Each structure stands twice: as structure tokens, then as C-alpha cells.
Amino acid sequence: WDVRQRHAHPDVAVTREAVAADLANGVTSLWLVLGEGAIPVGALGEVLEDVLLDLAPVTVQGVGAGGGAGAAEAFLSLVEGRTDLAPGCSLGLDPLGLHAASGSPQDLSGLADVARRAAAHAGLRTVVVDGTVFSDAGASAVEELGCSIAAGVAYLRALTDGGLSADEAFAQLEFRYAASADQFTTIAGLRAARRLWDRVGEASGASPDARAQRQH
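Predicted model, so just to flag it, every value in this text is computed and none were measured.

1. Observations concerning the overall build of the protein chain
The helix and strand inventory of the protein chain stands at nine helices and six strands. Relative to the 2.2 N^0.38 estimate, which gives 17 Å for 216 residues, the radius of gyration of the protein chain is 17 Å and therefore close to what a compact globule would have. Considering only C-alpha atoms, the protein chain reaches an extent of 45 × 40 × 35 Å along its principal axes. Considering the protein chain as a whole, with its 216 residues, one finds that 41% of them fall into the buried category. Taking the contacts inside the protein chain whose residues are at least 6 apart along the sequence as the reference set, 74% of them involve residues at least 24 apart. On the protein chain, roughly 10,600 Å² of surface is accessible, and the fraction owed to carbon and sulfur atoms is 54%. Taking the average place of the 15 positive charges on the side chains of the protein chain and the average place of its 27 negative ones, the gap between the two points comes to 7 Å.

2. Side note on the pattern of salt bridges
Where side chains of opposite charge bring their charged atoms close, a pairing between them can arise. Under the counting rule described, the total for this entry stands at 12 salt bridges. The shortest N-O distance in the salt bridge between E73 and R117 comes to 2.8 Å. With E73 in helix 3 (residues 67-79) and R117 in helix 5 (residues 111-119), this pair connects stretches of sequence that are 44 residues apart. Exposure remark for E73: the relative accessible area of 36% places this residue in the partly exposed category. Through salt bridges with shared partners, one network takes in D2, R4, E174 and R214.

3. Digging into helix 3
Between its terminal C-alpha atoms helix 3 stretches 18 Å, which fits the 18 Å expected from 13 residues at 1.5 Å a residue. The secondary structure elements touched by the buried residues of helix 3 are strand 2 (29-35), helix 2 (44-47), strand 3 (58-63), strand 4 (90-93) and helix 5. Positive phi appears at G81, one or two residues downstream of helix 3, with a value of about 90°.

4. A short note on the packing of helix 7 (residues 141-161) against helix 9 (residues 183-204)
Packing of helix 7 against helix 9 brings their axes to within 10 Å, and their N-to-C directions diverge by 30°. Classed by the angle they form, the pair helix 7 and helix 9 counts as roughly parallel. Crossing handedness for the pair helix 7 and helix 9: right-handed. Counting all contacts with helix 7, which are made through A141, L145, I149, G152, V153 and L156, the residues of helix 9 involved are T185, G189, A192, A193, L196, W197 and V200. By residue class, the composition of the contact of helix 7 with helix 9 is 10 nonpolar, three polar and no charged.

5. A word on the environment of H216
Considering the arrangement of structural elements, one finds H216 in the segment after helix 9. Separated by 122 residues in the primary sequence, H216 and D94 place their C-alpha atoms 14 Å from one another. Not counting chain neighbours up to four residues away, the residues in contact with H216 comprise R4, W31, F175, R176 and Y177.

6. A closer look at helix 9
For helix 9, spanning 22 residues, the distance from its first C-alpha to its last is 32 Å, which sits close to the expected 32 Å at 1.5 Å a residue. For helix 9, the full list of buried residues reads T186, G189, A193, W197, V200 and G201. Each buried residue of helix 9 lies within a common arc of 105° when the element is viewed along its axis, so the set occupies one face. Seen from the buried face of helix 9, the exposed residues on the opposite side, beyond 90 degrees, are F184, R191, R195 and A203. Where the residues of helix 9 are buried, they touch helix 7, helix 8 (166-170) and strand 6 (173-176).

Criteria and cut-off values
Residues numbered from 1 in each chain as written. Predicted model: local features only at pLDDT ≥ 70, side-chain atom pairs only at ≥ 80, totals over all residues. Heavy atoms only, no water. Helix = DSSP H or I, 4+ residues; strand = E, 2+ residues; numbered from the N terminus. Rg over C-alpha atoms; globule rule 2.2 N^0.38 Å. Buried < 20%, exposed > 50% of the residue type's maximum accessible area, 1.4 Å probe, protein only. Contact = heavy atoms within 4.5 Å. Areas by Shrake-Rupley, 256 points an atom, 1.4 Å probe, with all protein chains shown as cover. Lys, Arg positive; Asp, Glu negative; His and termini not counted. Charge placed at Lys NZ, Arg CZ, Asp CG, Glu CD. Salt bridge = Lys/Arg side-chain N within 4 Å of Asp/Glu carboxyl O. Expected span 1.5 Å × (residues − 1). Axes fitted to C-alpha atoms, helices over the stretch in contact; angles between N-to-C directions. Parallel < 35°, antiparallel > 145°, perpendicular 65-115°, else oblique. Left-handed = near helix turned anticlockwise from the far one by under 90°. Nonpolar A, V, L, I, M, F, W, Y, C, P; charged D, E, K, R; others polar. Arc of directions from axis to C-beta.

See the structure below:
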């Protein structure tokens, strides 16, 4: 378990101060939004200058036109050659979620190439299957699960078609789910998601360790 805080303020000095305060007061991982109206993509290195990436996992999320690819490339460039990243870092790519939210079709053909670069860093994942996109659009807990598992399977196919093994593909995905004030439905949904994803892994021939679902 870790406690993740989201930061998206476009003023780099403000963001650095907020990140430092959060990490000093109980936050254990960071969710940084990069792109239009958020943290400038080119300022990622400055924002993370004083962050110990071997202790605090970082997830990036790109917004705006080309934001996802830009954020992922910025983070990959920043950690190139490092072997000490804290487990739980993510490039935050979710082209299918972007398609669902915007209606603009997204290309998955280059996803495997990015995943291979990410796999060089232990604990760094490429894709976040963001179920909150569906929840925010009015989906029930059951519908959110169905859409997220379907998206996850589509990503697995794209990654394995690109040459990754089943275990390697599973290791590149994490899932983000909505948590509401209805705590019992939320808990049941998270448990069901783990069981459904495990069944997908079983059908795909992935090992038990690889198919465990990482949830945010």
C-alpha cells in the first residue's frame, strides 16, 4: 500500500514546494499531471529534482494533444539508465480511456515499443487502465468493471501482438478505480476486479504472480 497525491499546478515552484511538503508529511507516492493547464512537460526534471525516486514511486499522466506520449517520453528520458526506481512507477498511458472520454480513436500499435523501454526499469509500468473515465461518465460499479477489464484485455493483445510475453504484458498494466462513499460496494468492486483479472490471466497462460492486479 502507498498514499498517492495528485499534483497538477502549472507553477513549477508551487508544485515543488507542495511535493516536498507532502512527502514530508506522510505521502509515499506522486501522481503528476503534465501538459496543457498542468505541470509543463519540460519541467518534469525540475519538479522531481529533490525527489528520491528509489523511495517515492511516481506516476505521470499527460493531458492535452499528445500529452500522454509527451509525459511518458519525459519520464523515460529522466530515468534512462537508472536501475533503482521504487516499485510502482508508471508512465500512465491510457489511449483507450482517452478514446472513451474524447471520442478520438487512438493508435495502440506503438504501445509495445514503449513497454519494452519501460521494462528495462524494474517496477516501471506503461499503462494505467483508468476506470474512473467510465465512472465519471455515469457507469455503475459493474459497468466500470466490465469496461476496465475489456480495456485491459485490449491492451494485453496489443502488447503480446507487439512481441511481449503474457507475463511481460501483465507486468505493464495497473488499474485505477473510482471509490465512492458507498464503501461496501467499493470494497466489493475492488475484490471482484482482482478475481476477474486473475481469470483473464489464467485464460492467457500468465503466471499467478504476474496476473495479480495492481490497483489505485
